[in-house]
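Per-entry structural report
Chain by chain, the residues run as shown.
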Amino acid sequence: MNKILFIFSCLICLSSGVQASEPAEFAIVIHGGAGTIEKSKMTPEKERAYRTKLQEAIDAGYAVLEKGGASLDAVVAAINILEDSPLFNAGKGAVYTYEGAHELDASIMDGRDRQAGAVAGVKRVANPINLARMVMEDSPFVMLAGEGAEAFARSRGVPMVDNKRFDTEQRRQQLERAKEKLDKENKQDKDYRAAVDSLPVPFRMGTVGAVALDKQGNLAAGTSTGGMTAKRFGRIGDSPVIGAGTFADNASCAVSATGHGEYFIRYNVAADICTRVAYQSKSVAQAADEVINEVLLPVGGTGGVIVLDAKGNIALTFNTKGMYRASRVAGQPAQVAIFGKD
Ligand code: ASP
């Protein structure tokens, strides 16, 4: 990226951090994807629908924590609501592959002991985050993919759903537009990345995630996605990759990411943020800002993260115009935001 473009891009680099004056008893932060989200391009009805769903999800997670429930349960409760909503790119409402199917990825991590579970490329599981948790708690593995993940799900009594269950008209239209654009470019695999890079950001937006701190002082993180519109079948993004899209360790922080997955994998984004917190004593806001704006942006990686540490410090950081997001700290009202500042 040339210097002028980089400086311009930095004008839209956004980050908001909440440094707790005293440790919070519990807290939860969620996201619903980052990208070109502009108020001028959104109808009041649509904006209201997003805000209502984000509020519902943050409240569900908060209620678990308030009752003394585990951060893992709060993360799953919040993500299930977003997975079941057609507004977000996870579960119902997931984007389509180039071939017109849905392949879902999810992961979860427990900050107590770095246990983790992930599923990639599943087509017939309604709530992939629940299956990721089963992999963590009920198998000796960290990641299961495709048919193997679904066979594991069936063996644990998870009902199989038709892939069409995830269909939405809006995502279908996005696929058609993305395919037109990709087909115009040379879609040989070696040029595919450049073609995908040239797609408008909304074509690859709406992943959901949550990070939570419970009353026992334990952190957890989870992420669930349909990936990127018109992705090649079998493509796996950062969301199910522990250390890239999801990370949690009580000793540093919990992170859930959203953005152009190939960059988040190559730059090990979630783990890099927590490593800076652990070894350089950076605040979560500073660590997130460095990785999102100083590491990723100059190489062309767009997206954002939500970050939480064991004292309840929060960062919601993105280098795009907006990120669907909400946070709620013990005893305080929820903060819900979509655009740069509100
Ligand atoms: N990170 C996701 C992926 O690359 C997409 C997103 O967050 O919007 O699969």
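This paragraph deals with the state of the cysteines. Applying the stated criterion across every chain, the model contains 1 disulfide. Between the sulfur of Cys253 and that of Cys274 lies a disulfide, 2.3 Å long from S to S. An S-S torsion of about -115° defines the bridge between Cys253 and Cys274 as left-handed. Here Cys253, found in the loop between β8 (246–248) and β9 (254–259), pairs with Cys274, found in helix α9 (residues 269–280); they are 21 residues apart in sequence, far enough to count as distant. The pair Cys253 / Cys274 is uniform in exposure class, with both members buried.

Our focus in this paragraph is the sheet that holds strand β7 (residues 219–225). Here 8 strands make up an open sheet; going across it, the order is β5-β4-β3-β7-β6-β2-β12-β13 and the pairing mixed. Of all the strands in the sheet, just β5 (143–145) and β13 (335–337) have a single pairing partner and so form its edges. Ignoring strand direction, the axes of neighbouring strands in this sheet form an average angle of 5°. As defined by bridge partners, strand β2 (residues 27–35) adjoins strand β12 (residues 322–329) across 7 bridges and the pair is classed as antiparallel. Bridge pairing in β12 links Gly35 to Gly322. Sheet contacts for helix α2 (residues 44–66): β2, β6 (208–213), β12 and β13; angle to β12, the most-contacted strand, approximately 30°.

Pairing between side chains of opposite charge can happen when their charged atoms approach one another. Taken as a whole and assessed by the stated rule, the structure comprises 12 salt bridges. The closest approach of N and O atoms between Glu56 and Lys53, which form a salt bridge, is 3.0 Å. Here the residue Glu56 and the residue Lys53 both occupy positions in helix α2, the gap between them amounting to 3 residues, near one helical turn. Residue classification places Glu56 among the partly exposed positions, given a relative accessible area of 37%. Overall, the relative accessible area of 22% leaves Lys53 in the partly exposed class. Residue Lys282 is joined to Glu290 by a salt bridge in which the shortest nitrogen-to-oxygen separation is 3.2 Å. In this structure Glu290 comes out as buried when scored by relative accessible area, which is 10%. Salt bridges linked by common partners bring Asp272, Arg276, Lys282 and Glu290 together as one network.

Analysis parameters
- Residues numbered from 1 in each chain as written.
- Predicted model: local features only at pLDDT ≥ 70, side-chain atom pairs only at ≥ 80, totals over all residues.
- Heavy atoms only, no water.
- Disulfide = S-S within 2.5 Å.
- Helix = DSSP H or I, 4+ residues; strand = E, 2+ residues; numbered from the N terminus.
- Buried < 20%, exposed > 50% of the residue type's maximum accessible area, 1.4 Å probe, protein only.
- Pairing = 2+ DSSP bridges.
- Axes fitted to C-alpha atoms, helices over the stretch in contact; angles between N-to-C directions.
- Contact = heavy atoms within 4.5 Å.
- Salt bridge = Lys/Arg side-chain N within 4 Å of Asp/Glu carboxyl O.

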